[in-house]
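Descriptive structure summary
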Amino acid sequence: MDTIENTEKTTGSFKPFTKFIEFVGGKGYINFISNQATIEGKCLSGLGMDSITFKLTIYEDGTVDFDEVDTTKTTQEERERLLNVILDKTLSPYRKRTVVSELPFLSVEKVKDKNVPLYLAVEYVTPIEKLTSLFDDETIDISDDAMDNLNDLLNSWFEDEEFAKMVEEMVDEENSQVVEDVKGVIDDTIMKHHDTNINTLVEDSFSKMKLDKLNELKSKKTKREDEIMKYTFQISSIEKSLEEAKNDLRVIEGRIDDIQPIEPPIGYYFNVSEKQNETVILEPEIEKIIKDKVSKVKGINVEAFMKLFTSGEYHIKIAKKTDDGFSLVEDYKDVTSDVLEKLSNLDLSIDDKKLVYMGEMSWGEIVNKMIKIGFEQSPDFDKLCGSNSYTSTEESKETIKNKKTTF
């Protein structure tokens, strides 16, 4: 006994690549058949679909409608992807049909105030039907026993996903030479071997197909390896050009500093410490190994990491002169914005009440830049900071003025 639901609309908005037949459920000898059912979004995707219910409607022309019930949170493209999710689920036999057994659909209509649990029945092509689709519509007489043996053989092959995919591609490519070869072999010899040797015949034919597919994949692999080598060379060339551009930029910045006049004093004195770290010179081979390893760690900038080996670290203190000596700046929130802007041009960071420079400039280059932007030096402040060397402001300024500039 069958209970059937129907709708008046004749075509839907989507056409799945596997035909949806109907929804089926039931108890005992009673089947409940419908062309409509609902399913909760969380059964299809865990990404924000807990509150969404979908209704799937199947039409005779192979199309479907897949809409939300009382909500409009998804796009048509998203719903189309969810239909593909349905097709990826496990298929199982149920009430003489092939159904998607993993998804709990419910009937739209209620029976005794309850929605009936349903399964989606889909069109299923058996392995022997897939093989038959490769050949012309010619009648070949094969006994039932031979057909069973052949189907068992094909079932074992189609459990291999790669092999099944290969056959699907062949079915789509009707003019494939491989298909023609198989057809020719079977057309010429099927009547001679008939039931006894048909398994061997088909197995040999598909072995040839597998070999052809293997050669095709090897060819693709070789092509991809060549592309990787080409891209690797391009990356190396780009990195070299980038390094040359950076070096040119440093030279240009140095020339700008040479020509640019010294700004008037801004009322702050400074002291630059001796170098706080050791520069590590790496062999090219070691540097390449480190770069390769670090590049595989997510979130780490390789170039910034490598600068830890070559960059110099210097600590900078600034102070205001007072009647009693010097007032060391410890809270940089109290420094005016124009002074902070000048310091920002040196790429300084603040660490434990002092400014820290880490980069490729030398001690002398940092001192010259500080003087250029209006900071002053004092031997008393240098001694206060624990410095055992001092180059006076006037000497530093004179050095900058007399420094030759090359263009």
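Here goes a summary of the coordinates provided. (Residues numbered from 1 in each chain as written. Predicted model: local features only at pLDDT ≥ 70, side-chain atom pairs only at ≥ 80, totals over all residues. Heavy atoms only, no water.)

A word on unusual backbone geometry
The following threshold applies: The numbering of helices and of strands both runs from the N terminus, where a helix is a DSSP run of H or I of at least 4 residues and a strand a run of E of at least 2. Classification of residues uses two cut-offs on accessible area relative to the type maximum, computed with a 1.4 Å probe and protein chains only: under 20% is buried, over 50% is exposed, and between them is partly exposed.
Not every positive phi belongs to a glycine, and Asp-70 is a case in point at roughly 70°. Residue position: Asp-70 is located in the loop between β6 (64–68) and α1 (76–87). Exposure remark for Asp-70: the relative accessible area of 76% places this residue in the exposed category. One non-glycine residue, Arg-95, adopts positive backbone phi at about 50°. Structurally, Arg-95 can be placed in the loop between β7 (91–94) and β8 (97–111). Overall, the relative accessible area of 25% leaves Arg-95 in the partly exposed class.

Examining helix α10 (residues 363–372)
Within α10, burial applies to Ile-366, Val-367, Met-370, Ile-371 and Lys-372. Phi for Gly-374, located one or two positions after α10, is positive at around 105°.

A short note on the environment of Phe-105
Put simply, the test is: Residue contacts are counted whenever heavy atoms from the two residues lie within 4.5 Å of one another.
Structurally, the position occupied by Phe-105 is in strand β8. With relative accessibility at 1%, the residue Phe-105 sits in the buried group. Put simply, Phe-105 and Phe-23 are 82 residues apart on the chain and 8.3 Å apart in space, counted from C-alpha to C-alpha. Here Phe-105 is in contact with Phe-23, Ala-37, Thr-38, Ile-39, Leu-56, Ile-86, Val-116, Pro-117, Leu-118 and Leu-120, once residues within four sequence places are set aside.

Details of the environment of Ile-366
Mapped onto the fold, Ile-366 is located in helix α10. The exposure class assigned to Ile-366 is buried, which follows from its relative accessible area of 1%. Ignoring sequence-local partners within four residues, the contact set of Ile-366 consists of Val-272, Tyr-314, Ile-316, Tyr-357 and Met-361.

Things to note about the packing of aromatic side chains
As a reminder of what qualifies: Pairing of aromatic rings covers Phe, Tyr and the six-membered ring of Trp, with a centre-to-centre limit of 6.5 Å; geometry is then stacked below 30 degrees between planes, edge-to-face above 60, and tilted otherwise. By the criterion adopted, a ring carries a charge over it if an Arg CZ or a Lys NZ lies within 6 Å of its centre and within 35 degrees of its normal.
Enumeration over the complete set of coordinates arrives at six aromatic pairs. Joined through ring pairs, the aromatic side chains of Tyr-269, Phe-326 and Phe-381 make up one cluster. Lys-320 extends its terminal NZ or CZ atom over the ring of Tyr-268, reaching a point 4.7 Å from the ring centre.

Re the pattern of salt bridges
What counts, and what does not: Any carboxyl oxygen of Asp or Glu within 4 Å of a side-chain nitrogen of Lys or Arg constitutes a salt bridge here.
All chains considered together, the criterion is met by eight salt bridges. Between Lys-208 and Asp-212 there is a salt bridge whose closest N-O contact spans 3.1 Å. Of this pair, Lys-208 and Asp-212 both sit in helix α6 (residues 198–259), four residues apart, which is roughly one turn of the helix. When its relative accessible area of 37% is taken as the criterion, Lys-208 is described as partly exposed. For Glu-216, the salt bridge goes to Lys-213, with nearest N and O atoms at 3.7 Å. Taken together, the residues Glu-216 and Lys-213, both in helix α6 and three residues apart, mark about one turn of the helix. Each of Lys-213, Glu-216 and Lys-220 takes part in salt bridges that share partners, so that together they form one network.

Structural notes on the nonpolar core
The condition that has to hold: Buried residues of nine kinds, namely Ala, Val, Leu, Ile, Met, Phe, Trp, Tyr and Cys, make up a nonpolar core once their side-chain atoms join them within 4.5 Å.
Within the largest apolar cluster, 25 residues are counted, with the highest numbers of intra-cluster contacts made by Phe-20, Leu-56, Ile-86, Phe-105 and Leu-120. Looking at this core, the elements that each hand over two or more residues are β2 (20–27), β4 (36–40), β5 (53–58), β6, α1, β8 and β9 (114–122). Dropping the residues within four chain positions of it, Phe-20 is found in contact with Leu-56, Ile-58, Val-64, Leu-83, Ile-86, Leu-87, Leu-120, Ala-121 and Val-122.

Some details on the side chain of Asn-31
Which entries qualify depends on this criterion: Under the rule applied, a polar contact is a pair of N or O atoms within 3.5 Å (in protein, one hydrogen donor and one hydrogen acceptor; residues adjacent in sequence only if both atoms are side-chain atoms).
With respect to the helices and strands, the residue Asn-31 is situated in strand β3 (residues 30–34). Reaching out from Asn-31, the side chain makes a polar contact with the side chain of Arg-95 at a distance of 2.6 Å.

Notes on the pairing of strand β14 (residues 354–359)
For the record, the criterion: Note: two strands are recorded as paired if DSSP finds a minimum of 2 bridges between them.
Among the six residues that make up β14, five are buried, leaving the element largely enclosed by the rest of the structure. Both strand β11 (residues 312–322) and β14 contribute to a ladder of five bridges, which runs antiparallel. For Ile-316, the partnering residue across the bridge sits in β14 and is Leu-355.

Digging into the side chain of Thr-98
As for its placement among the helices and strands, Thr-98 is situated in strand β8. For Thr-98, the contacting residues outside a window of four places in its chain are Leu-91, Ser-92, Leu-120, Ala-121, Val-122 and Tyr-124.

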